[in-house]
Amino acid sequence: MRKHDLEHILRASMTISECKTLIVIGSAAILASYSNPPEELSLTREADIFPLDNPARSDLIDAAIGEESYFDLEFGYYAHGVGPETAILPQGWENRLVRLENPNTLGAVGMCLDPHDLAASKLVAGREKDLAFVRAMLRHGLATADVLEGRVRALPLKSQQIEQIVARLRSWEDQPRPS
């Protein structure tokens with residue numbers, strides 16, 4: 001997915017949900033902070049999204065422009081309507097959202113996860129694709145281990161879970177960075 005794809009999804013989601021402000025919590029959120037991230041961070045075809053003022057309307061988004069919809073078949077990307085509970089996020093994430101609003105969004109406002117909050121949520125999810133995404137963010141300098149550890153420690157999890165995630169993160173510190 002590219003930034004212009006996310007802008008298209010925001011426009012369509014605003015129209016469908018009748019809500020101007022949309023929260024983007026999945027991998028596509030990186031596009032608000034980095035317009036042209038490394039290719040391995042733009043492989044997703046979906047934007048996990050929900051309307052700020054009425055999260056229940058994410059079902060409408062999912063039905064209209066979700067996976068295998070006409071929208072998806074036509075453009076090759078789609079919106080996955082989710083809820084605020086979909087991702088486990090660090091305390092204060094709402095205050096660090098990155099605003100994506102420009103002439104291409106036609107009035108829609110995408111409030112996208114800060115890269116470190118995104119990475120923390122992916123570490124919690126723990127799927128191989130999520131872990132690869134975080135390793136790539138670290139490798140390319142789009143996140144730092146120290147800031148990410150702070151965000152992990154602010155997750156609403158038990159101490160043991162946090163320590164396991166931190167240990168995994170620290171085991172990646174010696175990864176070579178691209179020249």
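On a predicted model such as this, the values are computed, not experimentally measured, just so you know.

Peer 1: Explain the nonpolar core to me, using residue names and the numbers behind them.
Peer 2: Residues Leu6 and Val152 are the most contacted members of the largest nonpolar core, which totals 55 residues. With six residues, the single largest contributor to this core is helix H6 (residues 128–139). Look past the residues within four positions of Val152 in its chain and what remains in contact with it is Ala120, Leu123, Ile162, Ile165 and Val166.

Peer 1: Run through the pattern of salt bridges, naming residues and quoting values.
Peer 2: Taken as a whole and judged by the stated rule, the model has 14 salt bridges. In this structure, the salt-bridge partner of Glu18 is Arg57, at a minimum N-O distance of 3.2 Å. Residue Glu18 is found in the loop between helix H1 (3–17) and strand E1 (21–24), and its partner Arg57 is found in the loop between strand E2 (46–51) and helix H3 (58–65); the two are separated by 39 residues along the sequence. Note on Arg57: relative accessible area 27%, which makes it partly exposed. A salt bridge links Arg151 to Asp114, with the shortest nitrogen-to-oxygen separation between them at 2.6 Å. Taken together, the residues Arg151 in helix H7 (residues 145–153) and Asp114 in the loop between strand E5 (109–112) and helix H5 (115–125) connect sequence positions 37 residues apart. Here Arg151 and Asp114 have matching classes, each one buried. Several salt bridges converge on common partners, so that one network encompasses Asp146, Glu149, Arg153, Glu163 and Arg170.

Peer 1: How would you summarise the packing of aromatic side chains if you had to cite specific residues and measurements?
Peer 2: Tallying each qualifying case throughout the model produces three aromatic pairs. Look at Phe71 and Phe75: their rings are 5.0 Å apart centre to centre, the planes differ by 55°, and that puts the pair in the tilted class. In this pair, Phe71 and Phe75 are both assigned in helix H4 (residues 70–75), four residues apart and thus about one turn of the helix distant. On the basis of relative accessible area, Phe71 is assigned to the buried category, the value being 10%. By the ring-pair criterion, three or more aromatic residues cluster together here, those being Phe71, Phe75 and Tyr77. It is Lys122 that lies over the ring of Phe133; its NZ or CZ is 4.9 Å from the centre.

Peer 1: Now, about a negative patch on the surface: what can you tell me, with residues and values included?
Peer 2: Together, Asp59, Asp62, Glu67 and Glu68 give the surface a local cluster of negative charge. As for its placement among the helices and strands, Asp62 is situated in helix H3. Since its relative accessible area comes to 32%, Asp62 is described here as partly exposed.

Peer 1: I'd like a rundown of unusual backbone geometry, residues and numbers included.
Peer 2: At Glu18, a position not held by glycine, the phi torsion is positive, near 60°. The backbone phi angle of Glu68 is positive, close to 65°, even though this residue is not glycine. Note on placement: Glu68 falls in the loop between H3 and H4. Overall, Glu68 belongs to the exposed group, its relative accessible area being 64%.

What counts as what
- Residues numbered from 1 in each chain as written.
- Predicted model: local features only at pLDDT ≥ 70, side-chain atom pairs only at ≥ 80, totals over all residues.
- Heavy atoms only, no water.
- Core = buried A, V, L, I, M, F, W, Y, C linked by side-chain atoms within 4.5 Å.
- Buried < 20%, exposed > 50% of the residue type's maximum accessible area, 1.4 Å probe, protein only.
- Helix = DSSP H or I, 4+ residues; strand = E, 2+ residues; numbered from the N terminus.
- Contact = heavy atoms within 4.5 Å.
- Salt bridge = Lys/Arg side-chain N within 4 Å of Asp/Glu carboxyl O.
- Phe/Tyr/Trp six-rings, centres within 6.5 Å; stacked < 30°, edge-to-face > 60°.
- Lys NZ or Arg CZ within 6 Å of the ring centre and 35° of its normal.
- Patch = residues over 30% accessible without salt bridge, like charges linked within 9 Å, V, L, I, M, F, W, Y side chains within 5 Å.
- Areas by Shrake-Rupley, 256 points an atom, 1.4 Å probe, with all protein chains shown as cover.
- Lys, Arg positive; Asp, Glu negative; His and termini not counted.
- Charge placed at Lys NZ, Arg CZ, Asp CG, Glu CD.

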